[in-house]
Amino acid sequence: MAERDGPEIIGRRVQQLRTERGLTQKQLAEPVYTPAYISTLEAGRVRASEPALRHIAERLGIAYEELATGRPAHLATDLRLRLTDAQRTLATGEAEVAAEQYTGLLAEADAHGLVAEQAAALLGLGECALETGDLATARERFEESERRTGDAPLPQRVPAVRGRAVSHYLAGELRYACYLFESTLDELNRTGLHDPDALLLLYTGVIAPYMDMGAHARAAQAAEFALALAPQVGDPALVARMHRSVARTMIAEGRMAEADVSLAKAAELYRQLQIRTELANCHWMRGYLYAQNGELERAESELREAQAMLSAKRAALYTSQVAVELADVLHRRGKSDEAAGLLHGVLGDLSPERGAVHSAGAHRLLGIIAEDARDTETAEEHYVRAMSLLERAGAAGDLADLCRLLGDLLRRTGRIEAALDAYRTGLGHRTAPGTTTLGPAPAQPPL
């Protein structure tokens, strides 16, 4: 139950409500209390007992909670129901519409001092901003949500921490994203706060930055933990997200059939739940899987489906990221002009602070297309820009591959020393497989 207001505030509220209803102090007091007691209470000179306030609330014809706190009865319950509606809007409709709902709910929660509902509304606003690609706003909303729940147990704060980590990851700050995931996992596991939902949310989230950093061993271990935790989790959306993330580690290990099964499970859950963005992400990941397996026609079909769904949701950043992977498939299918047009069309939506890894991927592919057309100068420019983006992000695996491409180009154009430097840089990023340079891996859950 919410904490009741002080004696002076309650006294003024009783007096106002009594006057509005045309009751005397005697009528309000009878038959249990005296008019003098009501007078003292209205003056704020006595802290009324709960039985006294319940008696007065009944005589005034209002709920005890409304008299004690000034909040309409069942307000918190109503707000939570409407927060669920906003979450459904975000899943099945547009992020802008959901953001309007969350903004109104936040204002109501603020007006009535409902801290848990404030934090939930801010969390929803953060998710809306992530979907539209406004990473700075997303980070601010998640940080504020975490501040509002500062006294709550860590498992309750994990969704906000996960949101912050994802916003840093999408901004190209891979190491810091890993740090947030790892430090929170470490605290949960070392302090015995083994909340399955919180752990699954974190292990699922850390896979993508691990993979981009080339830390495949840690990604595979996180996937194993996620799979082991899934049976203890009741939220089907969380389980579906786990299957989608785990598929990425399976693809990296060459376990294509298992990855396809995992993605099929995720897609079916998302269809049942009607969560369109996550369903689009399943098509995206299946396109990636088929591309890795050389099934380019199927890959193109899945990626086009993902792009269409994300575009309809106005998920600009995710749409641009899918376009980069679709362009790679188109290039491999001999449609280089279409691929280049697609890449030039989305580069404006990507930047070092917004989708850095995919921005680098776009420049890398444009470099390859230029090299195929024997335009070595343009190719080199794109490779160098891609290297700068990847170095800033710390995406070691992609950076090593790019150094090889640049080294080959420099060698073919007779710049042997520069080529050797590029090769050495690439080798330097291959020296520590399976690590994030963040020290020991976090403590493990008791599985």
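These numbers were taken from a predicted model, which means no experiment stands behind them. (Residues numbered from 1 in each chain as written. Predicted model: local features only at pLDDT ≥ 70, side-chain atom pairs only at ≥ 80, totals over all residues. Heavy atoms only, no water.)

The next point concerns the overall build of the protein. When you go through the protein residue by residue, the secondary structure sums to 23 helices and zero strands. For a compact globule of 447 residues, the expected C-alpha radius of gyration is about 22 Å, and the protein comes in at 28 Å, more than 25% above that figure. Across its three principal directions, the C-alpha atoms of the protein cover 100 × 40 × 40 Å. Considering the protein as a whole, with its 447 residues, one finds that 52% of them fall into the buried category. Counted over contacts in the protein with a minimum sequence separation of 6, partners at least 24 positions apart contribute 61%. Carbon and sulfur atoms provide 50% of the accessible area of the protein, an area that totals close to 20100 Å². (Helix = DSSP H or I, 4+ residues; strand = E, 2+ residues; numbered from the N terminus. Rg over C-alpha atoms; globule rule 2.2 N^0.38 Å. Buried < 20%, exposed > 50% of the residue type's maximum accessible area, 1.4 Å probe, protein only. Contact = heavy atoms within 4.5 Å. Areas by Shrake-Rupley, 256 points an atom, 1.4 Å probe, with all protein chains shown as cover.)

In this fold, serine 145 is placed in helix H9 (residues 135-148). Residue classification places serine 145 among the buried residues on the basis of a relative accessible area of 4%. Of note is the side chain of serine 145, whose polar atom sits 2.9 Å from the backbone oxygen of alanine 119. Here serine 145 is in contact with Ala119, Leu122, Leu123 and Ala160, once residues within four sequence places are set aside. (Polar contact = N/O pair within 3.5 Å; in protein donor to acceptor, adjacent residues only side chain to side chain.)

Let's shift gears to the UniProt feature "coiled-coil region" (unreviewed entry) in the protein. Taken from the UniProt record, the annotation "coiled-coil region" (unreviewed entry) applies to residues 289-316. In this annotation, residues 289-316 is assigned 79% helix and 0% strand; the end-to-end C-alpha distance for the span is 23 Å. (UniProt positions renumbered as here; feature names shortened; annotations may be inferred.)

For the rest of this paragraph, the subject is the environment of histidine 363. Secondary-structure assignment places histidine 363 in helix H20 (residues 356-372). Remark: the alpha-carbon pair of histidine 363 and tyrosine 64, spanning 299 residues in sequence, is separated by 64 Å. Filtering out sequence-adjacent residues up to four positions away, histidine 363 remains in contact with Leu347, His382, Arg385, Ala386 and Leu389.

Overall, the prediction assigns the protein a mean pLDDT of 88, with 96% of residues at 70 or greater. In the model of the protein, helix H5 (residues 64-69) stands out as the element of lowest mean pLDDT, 82, in contrast to H9, which has the highest, 95. Of the regions scoring below 50 in pLDDT, residues 431-438 engages in 18 contacts with residues more than four places distant in sequence or in other chains. (pLDDT = per-residue confidence, 0-100.)

Looking at the secondary structure, you find tyrosine 270 in helix H15 (residues 256-273). Residue classification places tyrosine 270 among the buried positions, given a relative accessible area of 1%. Remark: the alpha-carbon pair of tyrosine 270 and leucine 390, spanning 120 residues in sequence, is separated by 32 Å. Setting aside residues up to four positions removed in sequence, tyrosine 270 forms contacts with Ala237, Ala240, Arg241, Arg244, Ile275, Glu278, Leu279 and Cys282. In terms of polar contacts, tyrosine 270 uses its side chain to reach the backbone amide nitrogen of arginine 241, at 2.9 Å.

Here helix H11 (residues 174-190) crosses helix H12 (residues 196-212) at 150°, and the two axes come no closer than 9 Å. Taken together, H11 and H12 sit at an angle that is classed as roughly antiparallel. Here H11 and H12 pass one another in a crossing that is left-handed. In this structure, H11 uses Leu174, Cys178, Phe181, Glu182, Thr184, Leu185, Leu188 and Asn189 to contact H12, whose residues at the interface are Ala198, Leu199, Leu202, Tyr203, Gly205, Val206, Pro209, Tyr210 and Asp212. When grouped by side-chain class, the residues that make up the contact of H11 with H12 number 12 nonpolar, three polar and two charged. (Axes fitted to C-alpha atoms, helices over the stretch in contact; angles between N-to-C directions. Parallel < 35°, antiparallel > 145°, perpendicular 65-115°, else oblique. Left-handed = near helix turned anticlockwise from the far one by under 90°. Nonpolar A, V, L, I, M, F, W, Y, C, P; charged D, E, K, R; others polar.)

Let's shift gears to the packing of aromatic side chains. Here the structure, examined in full by the defined rule, presents three aromatic pairs. Note on tyrosine 203 and phenylalanine 225: the rings are 5.2 Å apart at their centroids and 55° apart in plane angle, and the pair reads as tilted. Pair noted here: tyrosine 203 is in helix H12 and phenylalanine 225 is in helix H13 (residues 216-229), with a separation of 22 residues, a long-range link. The same class applies to tyrosine 203 and to phenylalanine 225, which are both buried. The ring of tyrosine 64 has arginine 54 lying over it, and the distance from NZ or CZ to the ring centre is 4.0 Å. (Phe/Tyr/Trp six-rings, centres within 6.5 Å; stacked < 30°, edge-to-face > 60°. Lys NZ or Arg CZ within 6 Å of the ring centre and 35° of its normal.)

Turning to H15, a few remarks are in order. Along its 18 residues, H15 runs 26 Å from first to last C-alpha, staying within 8% of the 26 Å computed at 1.5 Å per residue. If you follow the buried residues of H15, they end up packed against helix H6 (75-92), helix H14 (236-252) and helix H16 (276-292). In the stretch just after H15, glutamine 274 is the one whose phi turns positive, near 60°. (Expected span 1.5 Å × (residues − 1).)

Let us look at unusual backbone geometry. If a residue is not glycine, its phi is most likely negative; likewise, a peptide bond is most likely trans. Glutamate 30 connects to proline 31 through a cis peptide bond whose omega is 0°. A positive phi is found at arginine 374, a non-glycine position, where the angle reads about 65°. Among the structural elements, arginine 374 can be located in the loop between H20 and helix H21 (376-393). A relative accessible area of 74% means that arginine 374 is categorised as exposed.

Of all hydrophobic cores here, the largest spans 111 residues; its most connected members are Leu170, Tyr203 and Tyr383. For this core, the element with the highest residue contribution is H12, accounting for 10 residues. In contact with leucine 170, other than residues within four places in its own chain, are Leu130, Leu135, Leu317, Tyr318, Gln321, Arg354, Gly355 and Ala356. Residues Ala86, Leu90, Ala95 and Tyr102 belong to the second largest nonpolar core, which totals 18 residues. (Core = buried A, V, L, I, M, F, W, Y, C linked by side-chain atoms within 4.5 Å.)

A few words on the packing of helix H18 (residues 316-332) against helix H19 (residues 336-346). It is the contact of H18 with H19, at a shortest axis distance of 8 Å, that shows an interaxial angle of 165°. Classified by the angle between their axes, H18 and H19 sit roughly antiparallel to one another. Once H18 is placed against H19, the crossing between them reads as left-handed. Residues Ser320, Ala323, Val324, Leu326, Ala327, Leu330 and His331 of H18 pack against Ser336, Glu338, Ala339, Leu342, Leu343 and Val346 of H19.

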